[in-house]
Amino acid sequence: MTGNRIQDRIAIAGVGSTGYTRDGNRTARSLAAEAAVSAIRDAGLDRADIGGVISSAGVGSWTIVPPGATEMVAMLRLPNVTYFGDGNPVIVSPLLDAMHAIYSGTCDTVLLYHYNYRTPFSSRRAADDPFRRHIRGYDNLPPENARNAAAYAAWASRYLHENSIDREHLGRVAVNSRTNARSNPLAAMRSPLTLDEYLAARLVREPLGMLDMDLPVDGAEAFILTTSEHARDLPHTPVLVHTAAEGLVDTASDEEQLASLAHHGQDIVVRQLRARSQRSLNDVDVAYVYDGFTFITLSWFEKLGWCAPGEAGPFLDHAWHDEQQRLLVDGRVPVNPQGGMLSEGGTQGAGFVRDAVHQLRGTAGDRQIDDPRTALLAIGGFFYNSQGAVLIRDDNR
Amino acid sequence: MTTPIPVWERYPAAPIDQDNVALYKGWLRHELTLPRCGNCGKWHAPSYPLCPFCWSFDLIPTPLSGRGTVHLSILLHQGPSAKGVSYPYPVVTVELAEQAGLRFTSTAVEGCGRLAIGTPVELAWLDRDGAPFPAFRPRDGATQ
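Residues numbered from 1 in each chain as written. Chains lettered and ligands numbered in written order. Predicted model: local features only at pLDDT ≥ 70, side-chain atom pairs only at ≥ 80, totals over all residues. Heavy atoms only, no water.

### Thoughts on the overall build of chain B
Item 1. Each helix and strand in chain B was counted, giving 2 helices and 7 strands.
Item 2. Starting at the N terminus and walking to the C terminus, you meet the elements of chain B as α-α-β-β-β-β-β-β-β.
Item 3. A globule of 144 residues ought to have a C-alpha radius of gyration of about 15 Å, and chain B, at 16 Å, matches this closely.
Item 4. Seen through its principal axes, chain B has C-alpha atoms that stretch 40 × 40 × 25 Å.
Item 5. Here chain B holds 144 residues, and the buried ones make up 44% of them.
Item 6. Within chain B, counting contacts between residues at least 6 apart in sequence, those at least 24 apart form 46% of the total.
Item 7. In the form shown here, chain B has an accessible surface area of approximately 7,600 Å², with 54% of it arising from carbon and sulfur atoms.
Item 8. Each charge class in chain B was averaged separately, 12 positive and 12 negative side chains, and the resulting centres sit 3 Å apart. (Helix = DSSP H or I, 4+ residues; strand = E, 2+ residues; numbered from the N terminus. Rg over C-alpha atoms; globule rule 2.2 N^0.38 Å. Buried < 20%, exposed > 50% of the residue type's maximum accessible area, 1.4 Å probe, protein only. Contact = heavy atoms within 4.5 Å. Areas by Shrake-Rupley, 256 points an atom, 1.4 Å probe, with all protein chains shown as cover. Lys, Arg positive; Asp, Glu negative; His and termini not counted. Charge placed at Lys NZ, Arg CZ, Asp CG, Glu CD.)

### Thoughts on the interface of chain A and chain B
Item 1. Across the boundary between the two partners, chain A contributes 23 residues, which contact 21 residues of chain B.
Item 2. Roughly 1,900 Å² is buried in total at the junction of chain A and chain B, and carbon and sulfur atoms are behind 60% of that figure.
Item 3. In this structure, the salt-bridge partner of B:Asp17 is A:Arg29, at a minimum N-O distance of 3.4 Å.
Item 4. Where chain A touches chain B, the interface holds 6 residue pairs in polar contact (both at pLDDT 80 or more). (Buried area = accessible area lost by both parts, 1.4 Å probe. Salt bridge = Lys/Arg side-chain N within 4 Å of Asp/Glu carboxyl O. Polar contact = N/O pair within 3.5 Å; in protein donor to acceptor, adjacent residues only side chain to side chain.)

### Structural notes on the UniProt feature "domain: Thiolase C-terminal" (unreviewed entry) in chain A
Item 1. Taken from the UniProt record, the annotation "domain: Thiolase C-terminal" (unreviewed entry) applies to residues 272–391 of chain A.
Item 2. With 33% helix and 20% strand, the stretch residues 272–391 of chain A has end C-alpha atoms that lie 15 Å from each other. (UniProt positions renumbered as here; feature names shortened; annotations may be inferred.)

### Some words on the domain arrangement of chain B
Residues and elements named next belong to chain B.
Item 1. Entries for chain B in the domain assignment read domain 1 (16–64) and domain 2 (65–139).
Item 2. Each partner contributes residues to the interface: domain 1 has 14 residues there, and domain 2 has 13 residues.
Item 3. Counting across the interface, domain 1 meets domain 2 through 0 salt bridges.
Item 4. Seen at the junction of domain 1 and domain 2, the total is 2 residue pairs in polar contact (both at pLDDT 80 or more).
Item 5. The element best represented in the side of domain 1 that touches domain 2 is helix α2 (residues 21–28), accounting for 3 residues.
Item 6. Residues belonging to the side of domain 1 that touches domain 2 are distributed by class as follows: 10 nonpolar, 2 polar and 2 charged. (Domains from an automatic or database assignment. Nonpolar A, V, L, I, M, F, W, Y, C, P; charged D, E, K, R; others polar.)

### Observations regarding the environment of B:Asn39
Residue and element names in this part refer to chain B.
Item 1. Counting through the fold element by element, Asn39 comes out in the loop between β1 (32–37) and β2 (59–64).
Item 2. Exposure remark for Asn39: the relative accessible area of 55% places this residue in the exposed category.
Item 3. In this structure the C-alpha to C-alpha distance between Asn39 and Phe57, which are 18 residues apart in sequence, comes to 8.7 Å.
Item 4. The contact partners of Asn39, leaving out residues within four places of it in the chain, are Cys54, Ser56 and Asp58.

Right, dumping it as C-alpha coordinates:
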(Lines give C-alpha, C1' and ligand atoms only; values in the text may rest on other atoms or scores of the structure.)
Protein backbone atom coordinates (compact mmCIF):
# COMPACT_ATOMS: atom_id res chain seq x y z
CA MET A 1 0.00 0.00 0.00
CA THR A 2 1.30 3.38 -0.90
CA GLY A 3 -0.19 6.82 -0.66
CA ASN A 4 0.95 10.28 -1.39
CA ARG A 5 -0.29 12.52 1.37
CA ILE A 6 2.96 14.43 1.04
CA GLN A 7 2.21 15.43 -2.56
CA ASP A 8 3.05 19.08 -3.24
CA ARG A 9 3.61 19.70 0.45
CA ILE A 10 7.38 20.07 0.35
CA ALA A 11 9.29 22.65 -1.68
CA ILE A 12 12.84 23.25 -2.73
CA ALA A 13 13.50 26.85 -1.75
CA GLY A 14 17.22 27.20 -2.34
CA VAL A 15 20.00 25.72 -4.42
CA GLY A 16 23.75 26.11 -4.47
CA SER A 17 26.37 24.53 -6.69
CA THR A 18 30.11 24.64 -7.05
CA GLY A 19 30.04 23.44 -10.66
CA TYR A 20 32.22 20.53 -11.73
CA THR A 21 35.79 19.93 -12.75
CA ARG A 22 37.99 16.97 -13.60
CA ASP A 23 41.18 18.37 -12.13
CA GLY A 24 40.12 20.07 -8.94
CA ASN A 25 42.46 20.47 -6.00
CA ARG A 26 39.93 21.22 -3.29
CA THR A 27 38.70 18.87 -0.61
CA ALA A 28 35.23 17.38 -0.58
CA ARG A 29 34.61 19.31 2.65
CA SER A 30 35.43 22.57 0.92
CA LEU A 31 33.13 21.85 -2.02
CA ALA A 32 30.26 20.67 0.14
CA ALA A 33 30.56 23.64 2.49
CA GLU A 34 30.54 26.11 -0.37
CA ALA A 35 27.43 24.58 -1.92
CA ALA A 36 25.70 24.48 1.45
CA VAL A 37 26.39 28.11 2.26
CA SER A 38 25.26 29.11 -1.24
CA ALA A 39 22.00 27.19 -0.92
CA ILE A 40 21.17 28.64 2.48
CA ARG A 41 21.81 32.15 1.21
CA ASP A 42 19.89 31.47 -2.02
CA ALA A 43 16.87 30.59 0.12
CA GLY A 44 17.22 33.84 2.04
CA LEU A 45 17.87 31.92 5.25
CA ASP A 46 20.56 31.82 7.91
CA ARG A 47 22.14 29.20 10.15
CA ALA A 48 19.44 29.37 12.82
CA ASP A 49 16.76 28.45 10.27
CA ILE A 50 18.27 25.06 9.46
CA GLY A 51 16.64 22.30 11.48
CA GLY A 52 17.74 19.28 9.51
CA VAL A 53 20.93 18.27 7.74
CA ILE A 54 20.99 15.34 5.37
CA SER A 55 23.88 14.19 3.21
CA SER A 56 24.12 11.54 0.56
CA ALA A 57 27.34 10.27 2.11
CA GLY A 58 25.93 7.18 3.73
CA VAL A 59 26.36 3.45 3.32
CA GLY A 60 27.30 2.41 -0.17
CA SER A 61 28.59 5.81 -1.13
CA TRP A 62 31.56 4.53 -3.04
CA THR A 63 32.27 7.87 -4.68
CA ILE A 64 31.70 9.73 -1.47
CA VAL A 65 34.13 10.69 1.27
CA PRO A 66 33.49 12.89 4.31
CA PRO A 67 31.84 15.27 5.24
CA GLY A 68 28.75 13.55 6.57
CA ALA A 69 25.93 15.46 8.17
CA THR A 70 27.43 15.86 11.61
CA GLU A 71 30.63 17.22 10.13
CA MET A 72 28.62 19.70 8.05
CA VAL A 73 26.84 20.88 11.18
CA ALA A 74 30.24 21.45 12.80
CA MET A 75 31.69 23.23 9.78
CA LEU A 76 28.74 25.63 9.61
CA ARG A 77 28.08 25.70 13.37
CA LEU A 78 24.36 25.17 12.90
CA PRO A 79 22.71 25.70 16.31
CA ASN A 80 19.16 24.34 15.87
CA VAL A 81 19.51 20.91 14.28
CA THR A 82 16.86 18.40 15.36
CA TYR A 83 17.33 15.87 12.57
CA PHE A 84 20.38 14.68 10.70
CA GLY A 85 21.56 11.70 8.74
CA ASP A 86 23.62 10.32 5.88
CA GLY A 87 21.60 8.65 3.15
CA ASN A 88 21.95 6.73 -0.05
CA PRO A 89 24.31 8.40 -2.51
CA VAL A 90 21.73 8.78 -5.25
CA ILE A 91 19.85 12.00 -4.80
CA VAL A 92 16.19 11.04 -4.49
CA SER A 93 16.87 8.87 -1.47
CA PRO A 94 18.15 11.67 0.76
CA LEU A 95 15.57 13.95 -0.85
CA LEU A 96 12.83 11.64 0.41
CA ASP A 97 14.50 11.56 3.80
CA ALA A 98 14.42 15.36 3.94
CA MET A 99 10.80 15.49 2.79
CA HIS A 100 9.71 13.01 5.42
CA ALA A 101 11.50 14.85 8.20
CA ILE A 102 9.74 18.09 7.24
CA TYR A 103 6.33 16.51 6.63
CA SER A 104 6.41 14.73 9.97
CA GLY A 105 7.30 17.95 11.76
CA THR A 106 10.66 16.68 12.95
CA CYS A 107 12.11 19.86 11.54
CA ASP A 108 10.90 22.70 9.33
CA THR A 109 13.79 23.32 7.00
CA VAL A 110 16.47 20.93 5.77
CA LEU A 111 19.89 21.46 4.28
CA LEU A 112 20.40 18.56 1.87
CA TYR A 113 23.71 18.18 0.12
CA HIS A 114 25.55 15.87 -2.22
CA TYR A 115 29.07 16.03 -3.50
CA ASN A 116 31.47 14.20 -5.72
CA TYR A 117 35.14 13.68 -5.18
CA ARG A 118 37.30 11.64 -7.52
CA THR A 119 38.82 8.76 -5.60
CA PRO A 120 42.16 7.13 -6.47
CA PHE A 121 40.03 4.31 -7.89
CA SER A 122 38.03 6.48 -10.27
CA SER A 123 40.67 8.58 -11.98
CA ARG A 124 44.35 8.23 -12.76
CA ARG A 125 44.97 11.84 -11.83
CA ALA A 126 43.28 11.28 -8.50
CA ALA A 127 45.41 8.17 -7.93
CA ASP A 128 48.51 10.32 -8.24
CA ASP A 129 47.21 12.86 -5.73
CA PRO A 130 48.75 12.20 -2.30
CA PHE A 131 45.91 14.10 -0.65
CA ARG A 132 43.45 11.39 -1.74
CA ARG A 133 45.19 8.47 -0.04
CA HIS A 134 43.18 8.20 3.10
CA ILE A 135 39.75 7.54 1.69
CA ARG A 136 37.62 4.49 1.47
CA GLY A 137 37.97 2.14 -1.47
CA TYR A 138 35.83 -0.51 -3.08
CA ASP A 139 34.37 -3.33 -1.05
CA ASN A 140 35.15 -5.89 -3.73
CA LEU A 141 38.45 -6.05 -5.46
CA PRO A 142 38.41 -6.05 -9.24
CA PRO A 143 38.83 -7.56 -11.72
CA GLU A 144 36.94 -10.82 -11.12
CA ASN A 145 33.54 -9.42 -10.37
CA ALA A 146 30.56 -7.81 -12.03
CA ARG A 147 29.70 -5.34 -9.35
CA ASN A 148 29.28 -1.60 -9.29
CA ALA A 149 30.36 -0.04 -12.58
CA ALA A 150 31.30 -3.42 -14.03
CA ALA A 151 27.76 -4.64 -13.39
CA TYR A 152 26.46 -2.11 -15.90
CA ALA A 153 28.88 -3.19 -18.56
CA ALA A 154 27.81 -6.75 -17.85
CA TRP A 155 24.09 -5.96 -18.07
CA ALA A 156 24.69 -3.77 -21.13
CA SER A 157 25.97 -6.88 -22.85
CA ARG A 158 22.67 -8.58 -22.05
CA TYR A 159 20.59 -5.56 -23.07
CA LEU A 160 22.34 -5.36 -26.42
CA HIS A 161 21.94 -9.13 -26.81
CA GLU A 162 18.18 -9.04 -26.20
CA ASN A 163 17.30 -5.89 -28.12
CA SER A 164 17.88 -4.40 -31.56
CA ILE A 165 20.16 -1.68 -30.36
CA ASP A 166 23.43 -0.70 -31.94
CA ARG A 167 26.20 1.56 -30.76
CA GLU A 168 24.81 4.46 -32.76
CA HIS A 169 21.77 4.48 -30.49
CA LEU A 170 23.97 4.63 -27.43
CA GLY A 171 25.93 7.37 -29.15
CA ARG A 172 22.80 9.51 -29.51
CA VAL A 173 22.55 9.64 -25.74
CA ALA A 174 26.17 10.72 -25.41
CA VAL A 175 25.95 13.35 -28.13
CA ASN A 176 22.69 14.73 -26.72
CA SER A 177 24.27 15.25 -23.32
CA ARG A 178 27.37 16.88 -24.76
CA THR A 179 25.36 19.21 -26.98
CA ASN A 180 23.39 20.33 -23.96
CA ALA A 181 26.46 20.67 -21.75
CA ARG A 182 28.03 23.08 -24.20
CA SER A 183 25.78 25.89 -22.98
CA ASN A 184 26.02 24.99 -19.27
CA PRO A 185 28.89 26.78 -17.51
CA LEU A 186 28.71 24.30 -14.60
CA ALA A 187 29.48 21.35 -16.85
CA ALA A 188 32.85 19.60 -16.80
CA MET A 189 32.86 18.61 -20.50
CA ARG A 190 31.85 21.33 -22.95
CA SER A 191 33.82 20.55 -26.10
CA PRO A 192 31.74 19.46 -29.11
CA LEU A 193 31.13 15.75 -29.67
CA THR A 194 30.02 14.10 -32.90
CA LEU A 195 28.57 10.64 -33.36
CA ASP A 196 31.66 9.64 -35.32
CA GLU A 197 33.88 10.68 -32.42
CA TYR A 198 31.69 8.68 -30.08
CA LEU A 199 32.04 5.60 -32.27
CA ALA A 200 35.81 6.05 -32.43
CA ALA A 201 36.27 6.34 -28.68
CA ARG A 202 38.15 3.50 -27.06
CA LEU A 203 36.31 0.66 -25.40
CA VAL A 204 36.80 0.36 -21.67
CA ARG A 205 34.54 -2.38 -20.38
CA GLU A 206 33.36 -3.79 -23.67
CA PRO A 207 30.63 -3.43 -24.89
CA LEU A 208 30.83 -0.01 -23.24
CA GLY A 209 33.44 2.56 -24.11
CA MET A 210 34.94 5.75 -22.79
CA LEU A 211 31.95 7.87 -23.77
CA ASP A 212 29.29 5.49 -22.43
CA MET A 213 30.25 6.16 -18.82
CA ASP A 214 29.56 9.21 -16.74
CA LEU A 215 32.40 11.46 -15.74
CA PRO A 216 34.26 11.29 -12.44
CA VAL A 217 34.23 14.89 -11.25
CA ASP A 218 34.71 17.06 -8.20
CA GLY A 219 31.84 19.33 -7.23
CA ALA A 220 28.84 19.66 -4.96
CA GLU A 221 25.15 20.50 -4.85
CA ALA A 222 23.02 21.62 -1.97
CA PHE A 223 19.29 22.16 -1.62
CA ILE A 224 17.06 23.81 0.93
CA LEU A 225 13.78 22.01 1.49
CA THR A 226 10.92 23.29 3.58
CA THR A 227 7.16 23.25 3.71
CA SER A 228 5.38 24.68 0.69
CA GLU A 229 3.74 27.25 2.97
CA HIS A 230 7.09 28.43 4.31
CA ALA A 231 8.59 28.44 0.83
CA ARG A 232 5.96 30.89 -0.38
CA ASP A 233 7.40 33.48 2.01
CA LEU A 234 10.91 33.05 0.60
CA PRO A 235 12.47 34.85 -2.37
CA HIS A 236 12.11 32.30 -5.19
CA THR A 237 9.09 30.67 -6.81
CA PRO A 238 8.86 27.39 -4.91
CA VAL A 239 9.43 24.14 -6.74
CA LEU A 240 7.22 21.45 -5.28
CA VAL A 241 8.02 17.78 -5.03
CA HIS A 242 4.90 16.37 -6.66
CA THR A 243 6.11 12.86 -6.08
CA ALA A 244 9.34 11.00 -5.49
CA ALA A 245 10.05 7.31 -5.36
CA GLU A 246 12.70 4.65 -5.01
CA GLY A 247 12.58 1.10 -6.24
CA LEU A 248 14.36 -2.09 -5.30
CA VAL A 249 13.84 -5.68 -6.37
CA ASP A 250 14.58 -8.61 -4.14
CA THR A 251 18.09 -9.21 -5.41
CA ALA A 252 18.88 -5.57 -4.53
CA SER A 253 22.59 -4.94 -4.89
CA ASP A 254 23.48 -8.52 -5.81
CA GLU A 255 23.81 -7.27 -9.32
CA GLU A 256 24.84 -10.54 -10.93
CA GLN A 257 21.76 -12.21 -9.47
CA LEU A 258 19.09 -9.98 -11.05
CA ALA A 259 16.54 -12.36 -12.55
CA SER A 260 15.82 -10.43 -15.75
CA LEU A 261 15.99 -7.06 -17.39
CA ALA A 262 12.19 -7.28 -17.61
CA HIS A 263 11.85 -6.45 -13.94
CA HIS A 264 14.25 -4.35 -11.93
CA GLY A 265 14.31 -1.18 -9.87
CA GLN A 266 13.20 1.06 -12.72
CA ASP A 267 9.95 -0.89 -13.10
CA ILE A 268 9.11 -0.36 -9.45
CA VAL A 269 9.90 3.34 -9.66
CA VAL A 270 7.68 3.88 -12.69
CA ARG A 271 4.81 2.01 -11.05
CA GLN A 272 5.19 4.28 -8.02
CA LEU A 273 5.37 7.47 -10.07
CA ARG A 274 2.20 6.53 -11.96
CA ALA A 275 0.32 5.61 -8.81
CA ARG A 276 1.28 8.74 -6.95
CA SER A 277 1.23 11.50 -9.54
CA GLN A 278 -1.57 13.53 -11.09
CA ARG A 279 0.61 14.37 -14.05
CA SER A 280 1.38 12.12 -16.99
CA LEU A 281 4.08 11.88 -19.64
CA ASN A 282 2.10 14.34 -21.78
CA ASP A 283 2.50 16.99 -19.09
CA VAL A 284 6.29 16.72 -18.99
CA ASP A 285 8.05 19.88 -20.18
CA VAL A 286 11.60 18.80 -19.42
CA ALA A 287 13.03 15.33 -18.82
CA TYR A 288 16.07 14.24 -16.87
CA VAL A 289 16.77 10.64 -17.81
CA TYR A 290 19.78 9.09 -16.15
CA ASP A 291 22.78 8.57 -18.37
CA GLY A 292 25.31 7.26 -15.90
CA PHE A 293 25.74 4.63 -18.58
CA THR A 294 24.24 5.29 -21.99
CA PHE A 295 22.12 2.16 -22.15
CA ILE A 296 20.44 3.04 -18.85
CA THR A 297 18.79 5.98 -20.63
CA LEU A 298 17.38 3.66 -23.28
CA SER A 299 16.01 1.36 -20.61
CA TRP A 300 14.35 4.29 -18.85
CA PHE A 301 12.58 5.41 -22.04
CA GLU A 302 11.05 1.95 -22.31
CA LYS A 303 10.15 1.62 -18.65
CA LEU A 304 8.64 5.12 -18.50
CA GLY A 305 6.34 4.16 -21.33
CA TRP A 306 7.64 6.63 -23.86
CA CYS A 307 8.08 3.58 -26.06
CA ALA A 308 7.38 -0.13 -25.87
CA PRO A 309 9.88 -2.60 -24.40
CA GLY A 310 12.68 -3.17 -26.88
CA GLU A 311 11.70 -0.11 -28.94
CA ALA A 312 14.17 2.41 -27.49
CA GLY A 313 16.25 2.35 -30.68
CA PRO A 314 13.49 3.48 -33.05
CA PHE A 315 12.27 5.87 -30.35
CA LEU A 316 15.69 7.54 -30.23
CA ASP A 317 15.80 7.75 -34.02
CA HIS A 318 12.44 9.49 -33.95
CA ALA A 319 13.33 11.90 -31.13
CA TRP A 320 16.67 12.84 -32.63
CA HIS A 321 16.82 16.43 -33.91
CA ASP A 322 19.69 16.33 -36.36
CA GLU A 323 20.09 20.07 -36.78
CA GLN A 324 20.30 20.65 -33.02
CA GLN A 325 22.25 17.40 -32.44
CA ARG A 326 20.09 16.53 -29.48
CA LEU A 327 16.95 14.70 -28.39
CA LEU A 328 13.55 16.38 -28.32
CA VAL A 329 10.84 13.95 -27.27
CA ASP A 330 7.67 14.57 -29.29
CA GLY A 331 9.67 17.32 -30.97
CA ARG A 332 9.28 19.35 -27.78
CA VAL A 333 10.75 17.94 -24.58
CA PRO A 334 14.50 18.36 -24.03
CA VAL A 335 16.33 15.50 -22.34
CA ASN A 336 19.12 16.22 -19.85
CA PRO A 337 19.38 19.91 -20.74
CA GLN A 338 22.27 20.51 -18.32
CA GLY A 339 24.42 17.91 -20.06
CA GLY A 340 23.47 14.79 -18.16
CA MET A 341 25.77 12.72 -16.04
CA LEU A 342 27.87 12.06 -19.15
CA SER A 343 28.94 15.63 -19.78
CA GLU A 344 28.01 17.86 -16.84
CA GLY A 345 29.43 15.28 -14.50
CA GLY A 346 28.49 12.07 -12.74
CA THR A 347 26.53 13.41 -9.80
CA GLN A 348 24.15 10.51 -9.12
CA GLY A 349 21.28 12.72 -10.24
CA ALA A 350 22.04 15.74 -8.06
CA GLY A 351 22.78 17.92 -11.08
CA PHE A 352 19.38 16.95 -12.50
CA VAL A 353 17.56 18.17 -9.41
CA ARG A 354 19.42 21.48 -9.37
CA ASP A 355 18.78 22.12 -13.05
CA ALA A 356 15.11 21.16 -12.75
CA VAL A 357 14.71 23.67 -9.92
CA HIS A 358 16.28 26.41 -12.02
CA GLN A 359 14.14 25.59 -15.04
CA LEU A 360 10.88 25.41 -13.09
CA ARG A 361 11.40 28.59 -11.12
CA GLY A 362 12.73 30.48 -14.15
CA THR A 363 16.34 31.01 -13.05
CA ALA A 364 18.06 28.94 -15.74
CA GLY A 365 19.45 32.00 -17.50
CA ASP A 366 20.42 31.55 -21.15
CA ARG A 367 19.33 27.92 -20.98
CA GLN A 368 15.82 28.68 -19.76
CA ILE A 369 13.15 26.49 -21.32
CA ASP A 370 9.96 28.35 -22.19
CA ASP A 371 7.55 28.30 -19.24
CA PRO A 372 8.00 24.76 -17.91
CA ARG A 373 5.56 23.53 -15.27
CA THR A 374 6.55 19.88 -14.93
CA ALA A 375 9.92 18.15 -14.77
CA LEU A 376 10.30 14.38 -14.86
CA LEU A 377 13.40 12.96 -13.25
CA ALA A 378 14.26 9.30 -13.88
CA ILE A 379 17.42 8.66 -11.97
CA GLY A 380 19.72 5.75 -11.46
CA GLY A 381 20.19 2.29 -12.82
CA PHE A 382 18.63 -1.05 -12.00
CA PHE A 383 19.80 -2.04 -8.55
CA TYR A 384 20.06 -0.06 -5.34
CA ASN A 385 19.77 3.30 -7.07
CA SER A 386 16.56 3.26 -9.12
CA GLN A 387 14.69 6.46 -8.36
CA GLY A 388 12.33 8.97 -9.85
CA ALA A 389 10.64 12.26 -9.10
CA VAL A 390 8.19 14.73 -10.56
CA LEU A 391 8.98 18.32 -9.67
CA ILE A 392 6.46 21.05 -10.46
CA ARG A 393 6.34 24.81 -10.39
CA ASP A 394 4.21 26.20 -7.58
CA ASP A 395 1.41 28.16 -9.20
CA ASN A 396 -0.25 29.07 -5.88
CA ARG A 397 2.29 31.57 -4.72
CA MET B 1 70.42 20.41 -4.19
CA THR B 2 67.99 17.93 -2.72
CA THR B 3 64.23 17.98 -3.07
CA PRO B 4 62.57 18.38 0.32
CA ILE B 5 60.54 15.39 1.43
CA PRO B 6 56.84 16.27 1.06
CA VAL B 7 54.96 16.77 4.29
CA TRP B 8 52.67 13.81 3.57
CA GLU B 9 55.72 11.57 3.43
CA ARG B 10 56.94 12.91 6.78
CA TYR B 11 53.54 12.07 8.30
CA PRO B 12 52.39 9.10 6.23
CA ALA B 13 49.53 8.13 8.54
CA ALA B 14 48.10 11.62 8.96
CA PRO B 15 44.88 12.52 7.11
CA ILE B 16 46.51 15.40 5.30
CA ASP B 17 44.58 17.31 2.67
CA GLN B 18 44.47 20.80 1.21
CA ASP B 19 42.49 22.17 4.14
CA ASN B 20 44.80 21.07 6.94
CA VAL B 21 48.22 20.77 5.32
CA ALA B 22 49.41 24.00 6.98
CA LEU B 23 49.06 22.35 10.39
CA TYR B 24 51.49 19.57 9.47
CA LYS B 25 53.89 21.85 7.65
CA GLY B 26 53.91 23.93 10.82
CA TRP B 27 54.88 20.89 12.87
CA LEU B 28 58.03 20.56 10.76
CA ARG B 29 58.93 24.11 11.93
CA HIS B 30 57.87 23.38 15.55
CA GLU B 31 54.80 25.58 15.17
CA LEU B 32 51.15 24.93 15.95
CA THR B 33 49.32 26.47 12.98
CA LEU B 34 45.57 26.73 12.63
CA PRO B 35 43.37 28.62 10.17
CA ARG B 36 42.49 32.16 11.17
CA CYS B 37 39.67 33.95 9.39
CA GLY B 38 40.66 36.91 7.23
CA ASN B 39 37.13 38.25 7.59
CA CYS B 40 36.22 37.98 11.29
CA GLY B 41 39.64 37.24 12.77
CA LYS B 42 38.65 34.07 14.62
CA TRP B 43 40.69 30.88 14.71
CA HIS B 44 39.04 27.50 14.46
CA ALA B 45 39.93 23.82 14.87
CA PRO B 46 40.02 21.34 13.29
CA SER B 47 41.14 22.96 10.06
CA TYR B 48 37.95 23.29 8.05
CA PRO B 49 37.80 24.86 4.57
CA LEU B 50 35.68 27.75 5.78
CA CYS B 51 35.30 29.82 8.94
CA PRO B 52 32.54 28.11 10.96
CA PHE B 53 31.59 31.44 12.50
CA CYS B 54 31.12 33.74 9.50
CA TRP B 55 31.29 31.21 6.60
CA SER B 56 34.15 33.04 4.93
CA PHE B 57 36.58 30.93 2.89
CA ASP B 58 39.32 33.56 3.38
CA LEU B 59 41.45 31.65 5.85
CA ILE B 60 45.03 32.43 6.79
CA PRO B 61 47.06 29.63 8.41
CA THR B 62 48.49 31.35 11.47
CA PRO B 63 50.86 30.00 14.15
CA LEU B 64 49.69 30.10 17.74
CA SER B 65 51.83 30.50 20.83
CA GLY B 66 51.16 26.91 21.85
CA ARG B 67 50.33 28.08 25.35
CA GLY B 68 47.09 27.24 27.06
CA THR B 69 45.48 25.43 29.94
CA VAL B 70 44.40 21.83 30.29
CA HIS B 71 40.67 21.67 29.62
CA LEU B 72 40.18 17.90 29.45
CA SER B 73 42.54 15.26 30.75
CA ILE B 74 42.59 11.49 30.52
CA LEU B 75 45.06 8.72 31.17
CA LEU B 76 44.86 5.75 28.88
CA HIS B 77 45.68 2.42 30.51
CA GLN B 78 45.49 0.51 27.26
CA GLY B 79 45.30 1.28 23.60
CA PRO B 80 46.87 0.64 20.22
CA SER B 81 50.56 -0.04 20.19
CA ALA B 82 52.62 2.59 18.45
CA LYS B 83 56.20 3.69 18.39
CA GLY B 84 56.91 6.03 21.27
CA VAL B 85 53.68 5.17 23.05
CA SER B 86 53.61 3.29 26.32
CA TYR B 87 50.78 2.83 28.77
CA PRO B 88 49.53 4.42 30.91
CA TYR B 89 49.51 7.26 28.42
CA PRO B 90 48.18 10.76 29.08
CA VAL B 91 46.00 12.64 26.58
CA VAL B 92 45.04 16.25 27.17
CA THR B 93 42.82 18.71 25.38
CA VAL B 94 44.26 22.16 25.80
CA GLU B 95 42.31 25.38 25.53
CA LEU B 96 44.70 27.60 23.64
CA ALA B 97 45.57 31.02 25.03
CA GLU B 98 44.60 32.97 21.92
CA GLN B 99 40.85 32.29 21.89
CA ALA B 100 38.21 30.97 24.26
CA GLY B 101 36.95 27.59 23.12
CA LEU B 102 39.81 26.97 20.69
CA ARG B 103 41.27 23.59 21.62
CA PHE B 104 43.91 21.15 20.52
CA THR B 105 44.52 17.62 21.74
CA SER B 106 47.74 15.68 22.16
CA THR B 107 49.72 13.85 24.79
CA ALA B 108 51.46 15.42 27.76
CA VAL B 109 55.09 14.97 28.71
CA GLU B 110 57.06 15.61 31.85
CA GLY B 111 53.91 14.98 33.79
CA CYS B 112 53.27 12.15 36.14
CA GLY B 113 49.94 10.42 35.74
CA ARG B 114 46.90 12.46 34.84
CA LEU B 115 47.58 16.16 34.39
CA ALA B 116 45.18 18.31 36.46
CA ILE B 117 42.53 20.31 34.61
CA GLY B 118 43.52 23.96 34.65
CA THR B 119 47.25 23.27 34.51
CA PRO B 120 49.02 25.92 32.39
CA VAL B 121 50.90 24.18 29.57
CA GLU B 122 53.09 24.93 26.61
CA LEU B 123 54.18 22.99 23.55
CA ALA B 124 56.90 20.36 23.72
CA TRP B 125 58.13 18.62 20.59
CA LEU B 126 58.53 14.87 20.39
CA ASP B 127 60.19 12.87 17.65
CA ARG B 128 57.92 10.44 15.79
CA ASP B 129 59.70 8.42 13.11
CA GLY B 130 62.04 11.32 12.48
CA ALA B 131 59.35 14.00 12.32
CA PRO B 132 58.40 16.53 14.99
CA PHE B 133 55.18 15.79 16.85
CA PRO B 134 53.53 18.34 19.16
CA ALA B 135 52.81 17.52 22.79
CA PHE B 136 52.19 19.64 25.87
CA ARG B 137 54.13 20.04 29.10
CA PRO B 138 53.39 22.03 32.25
CA ARG B 139 54.69 25.58 32.07
CA ASP B 140 57.52 26.55 34.41
CA GLY B 141 56.26 26.86 37.93
CA ALA B 142 52.98 25.12 37.22
CA THR B 143 51.98 22.62 39.84
CA GLN B 144 50.37 19.34 38.96
